[in-house]
Amino acid sequence: MQYVAKSVPAIGDTDFSSEVKEASGTNIDRCYQCLTCSLDCPVAFAMDYLPHQVVRLVQVGLKQEALTSATIWVCANCEACATRCPNDVAIPRVMDTLRAMALRERVVEKGKDIVVFHHTFLENIRRWGRQYELSLLLQIKLRTRDFFSDLRLGLRMLRQGKLKLRPPRLKDVAGVRAIFRRIDQSLAEGERT
Amino acid sequence: MKYAYYPGCSLETTAEEYGRSVRAVCAHLGIELWELPDWSCCGASSGHSTNRRLAQALAGRNLALAERVGLDIAVACPACYLRLRSTRKEVKDNSQNREELVRLIDMPYEAKYDTRHLLDIICNDVGLEELKKRVVRPLEALQLVSYYGCYLVRPPEVVGFDDPENPQSMDRLLAALGAEVRDWSGKVSCCGGSLALSRKEVAGRLVAEISEMARQAGAQAMVTACPLCHSNLEIRQADGKQNKLPVFYFTELIGLAMGLDGAESWLKKHLISPFSLLASHDL
Ligand code: SF4
Ligand code: SF4
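Residues numbered from 1 in each chain as written. Chains lettered and ligands numbered in written order. Predicted model: local features only at pLDDT ≥ 70, side-chain atom pairs only at ≥ 80, totals over all residues. Heavy atoms only, no water.

## Structural notes on the overall build of chain B
- Counting its secondary structure elements, chain B contains 13 helices and eight strands.
- For chain B, the C-alpha radius of gyration of 19 Å lies close to 19 Å, the compact-globule estimate for 283 residues.
- Principal-axis analysis of the C-alpha atoms places the extent of chain B at approximately 55 × 45 × 30 Å.
- Intrachain contacts of chain B at a sequence separation of at least 6 include 75% that bridge at least 24 residues.
- Within the structure as shown, chain B displays about 9,900 Å² of accessible surface, and the carbon and sulfur contribution to it stands at 46%.
- Here chain B contributes 33 positive and 36 negative side-chain charges, whose respective centroids are spaced 3 Å apart. (Helix = DSSP H or I, 4+ residues; strand = E, 2+ residues; numbered from the N terminus. Rg over C-alpha atoms; globule rule 2.2 N^0.38 Å. Contact = heavy atoms within 4.5 Å. Areas by Shrake-Rupley, 256 points an atom, 1.4 Å probe, with all protein chains shown as cover. Lys, Arg positive; Asp, Glu negative; His and termini not counted. Charge placed at Lys NZ, Arg CZ, Asp CG, Glu CD.)

This is the structure we're talking about:
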């Protein structure tokens, strides 16, 4: 397991630290680097920085390292760390905040595939109001140029009626679209997420 | 017992058998599910992973729809359950958040009504004694492990009708149906469902670990209350070389034990067929 020294002085961008604290609503200063979160994290094996290290990066204001880490995308939002942290540090809220900031600053290189998934998922909701799984799967295949994996599985699910050919129908789909528009507007106005 | 029922996207498609068994079981147990008209997607993990206010608004639209009719919401999907409950909590005691939500959805919302998971409703409102009385085909000698996953129990300050580390509700429910429930340490392990489409290898590794733990505990099948866990456990086990453990929805087993019509048609939709296991137990 990799460590970050426990006594790193504030060397980075303290505005960044404050912004993350405020937006995530979690008091990361209480973290004493006990590693409970990292030991319990089910996807630690796929991360570059471990969860306690991400907390440390934010504490000391290492903005670039935090925002460009693979970790913020790999985090599965399982809430195990938040449940077990002795200091009530809500790491999943910190991850949410960092992901939103990375998207805003367009530094998502290490999470490209996951970002494609999220965007496709949300575009479908914007269009249909509910998830349209068949379209979601096909679009992800197109966008990631992964045409052949799980093909037989997909066909089987179609046959079994678990993937519907027809899109979902919502009367007030306009109401859902209006929500997305208002969010777009405030993002364009530079409001923080 | 009347609820505004929020099925969520999966229960109409990839988890259709869950959706159908939920309706059949609730009708049988006297839980009236009145489907929330024109409900929309809760935003799932893609919502809160990219924009907090979008996530609140997508969930909030449904909360506001239910508030119009003055009913608590019943849900079957733990991911929807967490999204709806988090949103209510985030705006309930914070008028600034609430005003922003109301502006985004353009509907009034006062955070008056609760959202409950059906496992909670069935275990705690209907009650296990009542369930036992209705069992006509006990699931005798069927060796099961309950798999709760993440969002039924975590984070406990938002969800939490059960213990976050060692939940018991599904274990007790299955025991009430006559099954032999095994204790194991995989109950609240994450299956990586939110990465199922974007990082298959990560999800695959987690599913392999969970199913191996279940086998070591002597289980013949796993039981879940989550459509995303169910798909993920079925699909990613199918990739592996080990013999595969069938995965049941808890409502399917209630239906089976109560002899409800349609149980067979639900189970036919599974990717890992449970029929030979059931036949070996005369079920
Ligand atoms: S569990 Fe909490 S206190 Fe311990 S290292 Fe993780 S965030 Fe810090
Ligand atoms: S919420 Fe994310 S960081 Fe925390 S334990 Fe789960 S996967 Fe790891």
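## A word on the site of ligand 2
- Lining the immediate surroundings of ligand 2 are C41, P42, V43, P51, C75, A76, N77, C78, E79, C81, P92 and M95 of chain A.
- In terms of residue class, the shell around ligand 2 is made up of ten nonpolar, one polar and one charged. (Near = heavy atom within 4 Å. Nonpolar A, V, L, I, M, F, W, Y, C, P; charged D, E, K, R; others polar.)

## Brief notes about the site of ligand 1
- In the vicinity of ligand 1, 13 residues are found, and the nearest of them are C31, C34, L35, C37 and C85 of chain A.
- Broken down by class, the residue content of the shell around ligand 1 amounts to nine nonpolar, four polar and no charged.

## A look at the packing of helix α3 (residues 51-59) of chain A against helix α7 (residues 91-104) of chain A
Residues and elements named next belong to chain A.
- With their axes 11 Å apart at the nearest point, α3 and α7 run at an angle of 60° to one another. As far as their axial angle goes, α7 and α3 are oblique. Regarding α3 and α7, the two cross each other, and that crossing is left-handed. Within the contact between the two elements, α3 uses P51, V54, V55 and V58 and α7 uses I91, V94 and L98.
- Grouping the constituent residues of the contact of α3 with α7 by class yields seven nonpolar, no polar and no charged. (Axes fitted to C-alpha atoms, helices over the stretch in contact; angles between N-to-C directions. Parallel < 35°, antiparallel > 145°, perpendicular 65-115°, else oblique. Left-handed = near helix turned anticlockwise from the far one by under 90°.)

## Some remarks on the domain arrangement of chain B
Residue and element names in this part refer to chain B.
- What the domain assignment lists for chain B is domain 1 (2-117) and domain 2 (130-280).
- The gap between the C-alpha centroids of domain 1 and domain 2 is 24 Å.
- At the boundary of domain 1 with domain 2, total buried surface from both sides reaches about 2,300 Å², with 72% on carbon and sulfur atoms.
- Salt-bridge contacts for K269 lead to E16; the nearest nitrogen and oxygen are separated by 2.9 Å.
- Scanning the region where domain 1 abuts domain 2 turns up five residue pairs in polar contact (both at pLDDT 80 or more).
- For the side of domain 1 that touches domain 2, the elements supplying multiple residues, two or more each, are α1 (16-29) and α4 (78-92).
- No other element matches α1, which puts ten residues into the side of domain 1 that touches domain 2.
- By residue class, the composition of the side of domain 1 that touches domain 2 is 13 nonpolar, seven polar and five charged. (Domains from an automatic or database assignment. Buried area = accessible area lost by both parts, 1.4 Å probe. Salt bridge = Lys/Arg side-chain N within 4 Å of Asp/Glu carboxyl O. Polar contact = N/O pair within 3.5 Å; in protein donor to acceptor, adjacent residues only side chain to side chain.)

## Remarks on the nonpolar core
- Within the largest apolar cluster, 140 residues are counted, with the highest numbers of intra-cluster contacts made by L98 of chain A together with L173 and F250 of chain B.
- With near-sequence residues (within four places) excluded, L98 of chain A lies in contact with F16, V20, V54, V58, A66, L67 and I72 of chain A.
- In terms of nonpolar packing, the next biggest core, distinct from the first, is built from 15 residues, W184, C191, A217 and A219 of chain B among them. (Core = buried A, V, L, I, M, F, W, Y, C linked by side-chain atoms within 4.5 Å. Buried < 20%, exposed > 50% of the residue type's maximum accessible area, 1.4 Å probe, protein only.)

## Quick notes on the interface of chain B and chain A
- Tallying the contact residues gives 56 residues for chain B and 58 residues for chain A.
- Taken together, both faces of the contact between chain B and chain A bury some 5,100 Å²; the carbon and sulfur share is 57%.
- Counting every contact that joins chain B to chain A gives six salt bridges.
- One salt bridge connects K162 of chain A with E17 of chain B, and the closest N-O pair in it is separated by 2.9 Å.
- Linking chain B with chain A are 23 residue pairs in polar contact (both at pLDDT 80 or more), by the criterion used here.
- For the side of chain B that touches chain A, the secondary-structure elements that each account for two or more residues are α1, α2 (44-50), α3 (52-69), α5 (95-105), α9 (200-216) and α10 (227-239) of chain B.
- At seven residues, α2 of chain B tops the list of elements feeding residues into the side of chain B that touches chain A.
- In terms of residue class, the side of chain B that touches chain A is built from 22 nonpolar, 15 polar and 19 charged.

## With respect to the domain arrangement of chain A
All names here are of chain A.
- Along its sequence, chain A is organised into domain 1 (14-104) and domain 2 (113-192).
- Counting residues at the interface gives five residues for domain 1, matched by five residues for domain 2.
- Regarding the contact of domain 1 and domain 2, the summed buried area is about 430 Å², with carbon and sulfur atoms giving 70% of it.
- In terms of surface lost to domain 2, no three residues of domain 1 exceed W73, L103 and R104, which account for 77% of the buried area on that side.
- Remark: the boundary between domain 1 and domain 2 carries zero salt bridges.

## Focus on helix α6 (residues 118-126) of chain B
- Burial analysis of α6 of chain B places seven of its nine residues in the buried class, the great majority of the element.
- G127 of chain B, located one to two residues past α6 of chain B, shows a positive phi value of around 95°.

## Considerations on the sheet that holds strand β3 (residues 73-75) of chain B
All names here are of chain B.
- Read from one edge to the other, the open sheet built from four strands follows the order β2-β1-β3-β4, with strand pairing classed as parallel. The strands lining the two open edges of the sheet, one partner per strand, are β2 (32-35) and β4 (115-117). Direction aside, the axes of adjacent strands within the sheet are offset by 45° on average.
- For β3 and β4, the ladder comprises three bridges, and the chain directions are parallel. In the sheet register, V75 faces β4, and the bridge partner there is H117. (Pairing = 2+ DSSP bridges.)

## Quick look at unusual backbone geometry
Residues and elements named next belong to chain B.
- R154 connects to P155 through a cis peptide bond whose omega is -10°.
- With respect to the element layout, P155 can be found in the loop between β5 (143-146) and α8 (169-176).
- At D106, a position not held by glycine, the phi torsion is positive, near 60°.
- Looking at where D106 falls in the secondary structure, it is placed in the loop between α5 and β4.
- Overall, D106 belongs to the exposed group, its relative accessible area being 58%.
- Of note, the phi angle at A111 is positive, near 60°, even though the residue is not glycine.

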